[in-house]
Amino acid sequence: MFIDTHTHLYVPEFDKDRPEVMAHAIEAGVSHFVLPAIDSNFTQAMHALHTQYPERVSMMMGLHPTHVGGNYEQEMAHVKAQLATGKYVAVGEIGIDLYWDTSTLSLQQKAFHQQIQWALDYDLPIVIHCREAFKEVFEALGDYRTEKLRGIFHCFTGTEDDAQKAISFNMLLGIGGVVTFKNGKIDQFLSNIPLENIVLETDAPYLAPVPYRGKRNESAYLPLIAQKAADLYGVSVESLAAQTTANARKLFELN
């Protein structure tokens, strides 16, 4: 059984066939789905999916770095109020993205710092979105290095050095469709990273693995990611599934 530790199943891309998408994923062996937040516009849809599948769906709360903008203060107030309800298993996805927009860097940093602090206040893991910003993300994490700091580098695309540094901050690496890409690069060193330090994710509807690259991603494709990772590690897909599922259960405190 697999846990998809990062899937946006509540977004409009799934509005026409969400029940079928869920059924396909469950049939493929995905037993649990962890939903990352984006901004307040998606909270209601995320809650609706959780209500529909309360045993299978867990939620995160946070402000996505690419959604940090003019209404920053209202969005952060929303995150703070939602975290106070105690309904969430992590603060995420949060972080820094310098691929789409560098002009909001200072605001992104402010939001990231505040949300890391809230995660520590509530003793929750963080789930980090890091795109072309490893230096900035590691600098921020350095200000909060405690035993309570823990989480996932979602969609990890860094170097082996970045991976080791992330692990030193008590972070797991989120391994998704990129591991199946010819130019993904993480396949070159992934097997050097202990299995205890990775979890599986799809980031659906984005970043579909080969042979679906460029199409809408689904949680049902998680076994394709698992098979590629198992091949790289030279282990059975069953043993990889067991370890990564155990890692996710421990981090998110899932039953």
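Refer to the preceding data block for the structure.
> Where do I start with the pairing of strand E4 (residues 90–97) in this structure?
On a regular strand, one side chain projects to one face of the sheet and the next to the other, so that they alternate. Within E4, 8 of the 8 residues are buried, leaving the element largely enclosed by the surrounding structure. With 2 bridges connecting them, strand E3 (residues 57–61) and E4 associate as parallel partners. Directly across from Met60, in E4, lies its bridge partner Ala90. Note: E4 against strand E5 (residues 126–131), 6 bridges, orientation parallel. Note on E5: the bridge partner recorded for Gly92 is Val127. After leaving E4, the chain enters helix H4 (residues 105–122) and then returns to the sheet as E5, a path that is right-handed.

> I tried to follow empty space enclosed by the protein on my own but got confused; where do I start?
Empty space among the atoms can be located by rolling a probe the size of a water molecule over them. Applying the stated rule across the entire model yields 1 cavity of 30 Å³ or more. When its volume is computed, the largest cavity comes out at roughly 30 Å³. Taken together, Cys155, Phe156, Gly176, Gly177, Val178, Val179, Ile186 and Leu207 form the lining of the largest cavity. In terms of residue class, the lining of the largest cavity is made up of 6 nonpolar, 2 polar and no charged.

> What exactly am I supposed to notice about the sheet that holds strand E8 (residues 198–200) here?
Spatially, the 8 strands line up as an open sheet ordered E1-E2-E3-E4-E5-E6-E7-E8, and their pairing is parallel. Either end of the sheet is taken by a strand with one partner, and the two such strands are strand E1 (2–4) and E8. The average undirected angle you get between the axes of adjacent strands in this sheet is 30 degrees. The sheet contact formed by E1 and strand E2 (residues 30–35) spans 3 bridges and is parallel. The partner of Asp4 across the bridge, within E2, is Phe33. On top of the sheet, helix H8 (residues 237–252) reaches E1, E2, E4, E5, strand E6 (151–153), strand E7 (171–175) and E8; it is set at about 100 degrees to E8, its chief contact.

> What's the story with the environment of Ala25 in this structure? I'm lost.
Positionally, Ala25 belongs in helix H1 (residues 18–27). Sequence-wise, Ala25 and Ala220 are 195 residues apart; in three dimensions their C-alpha atoms are separated by 3.8 Å. With near-sequence residues (within four places) excluded, Ala25 lies in contact with Val30, Phe33, Ser219 and Ala220.

> Can you walk me through the packing of helix H3 (residues 72–83) against H4 in this structure?
A packed helix pair is summarised by two numbers, namely the angle formed by the two axes and the spacing between the axes. The interhelical angle for the contact between H3 and H4, taken along N-to-C directions, is 10 degrees, at an axis separation of 11 Å. Relative to H4, the element H3 is oriented roughly parallel. For the pair H3 and H4, the contacting residues are Tyr72, Met76, Val79, Lys80 and Leu83 in the first and Leu107, Lys110, Ala111, Gln114, Gln115, Trp118 and Tyr122 in the second. Split by residue class, the contact of H3 with H4 holds 8 nonpolar, 2 polar and 2 charged.

> For this particular structure, what's the right way to read H8?
Since the α-helix packs 3.6 residues into each turn, any two residues three or four apart lie on the same face. Counted at 1.5 Å a residue, the expected span for H8 with its 16 residues is 22 Å, and the 22 Å between its end C-alpha atoms agrees. Burial in H8 covers these residues: Val237, Leu240, Ala241, Thr244, Thr245, Asn247, Ala248, Leu251 and Phe252. Taken end-on, H8 shows its buried residues confined to a sector of 155 degrees, consistent with a single buried face. Residues of H8 that are exposed and point over 90 degrees away from its buried face: Glu238, Ala242 and Lys250. Backbone geometry just after H8 places Glu253 at a positive phi near 55 degrees.

> So what exactly am I meant to see when it comes to the side chain of Thr245 here?
Take Thr245: it is sitting in helix H8. Overall, the relative accessible area of 9% leaves Thr245 in the buried class. A polar contact of 2.7 Å, which involves the side chain of Thr245, links it to the backbone oxygen of Met1. Setting aside residues up to four positions removed in sequence, Thr245 forms contacts with Met1, Phe2 and Ile3.

> How should the pattern of salt bridges be read in this particular structure?
Side chains that differ in charge, positive against negative, can pair when their charged atoms come close. Scanning the model with the defined rule gives 5 salt bridges in all. Among the ionic pairs, Asp123 bridges to Arg150, the shortest N-O distance being 3.0 Å. In this pair, Asp123 is assigned in the loop between H4 and E5 and Arg150 in the loop between helix H5 (134–142) and E6, connecting sequence segments 27 residues apart. Overall, Asp123 belongs to the partly exposed group, its relative accessible area being 38%. Its salt-bridge partner being Arg216, residue Glu218 comes within 2.9 Å of it at the nearest N-O pair. Among the residues examined, Glu218 registers a relative accessible area of 10% and is labelled buried. By relative accessible area, Arg216 is classed as partly exposed at 26%. A single salt-bridge network, built from bridges that share partners, covers Asp17, Arg216 and Glu218.

About the cut-offs
Residues numbered from 1 in each chain as written. Predicted model: local features only at pLDDT ≥ 70, side-chain atom pairs only at ≥ 80, totals over all residues. Heavy atoms only, no water. Buried < 20%, exposed > 50% of the residue type's maximum accessible area, 1.4 Å probe, protein only. Helix = DSSP H or I, 4+ residues; strand = E, 2+ residues; numbered from the N terminus. Pairing = 2+ DSSP bridges. Right-handed = clockwise from strand over helix to strand, strands pointing away. 1 Å grid on protein atoms, 1.4 Å probe; cavity = no way out; pocket = protein on both sides within 12 Å on 5 of 7 lines; lining within 4 Å. Points joined across faces, edges and corners; volume = space filled by probe spheres on them. Nonpolar A, V, L, I, M, F, W, Y, C, P; charged D, E, K, R; others polar. Axes fitted to C-alpha atoms, helices over the stretch in contact; angles between N-to-C directions. Contact = heavy atoms within 4.5 Å. Parallel < 35°, antiparallel > 145°, perpendicular 65-115°, else oblique. Expected span 1.5 Å × (residues − 1). Arc of directions from axis to C-beta. Polar contact = N/O pair within 3.5 Å; in protein donor to acceptor, adjacent residues only side chain to side chain. Salt bridge = Lys/Arg side-chain N within 4 Å of Asp/Glu carboxyl O.

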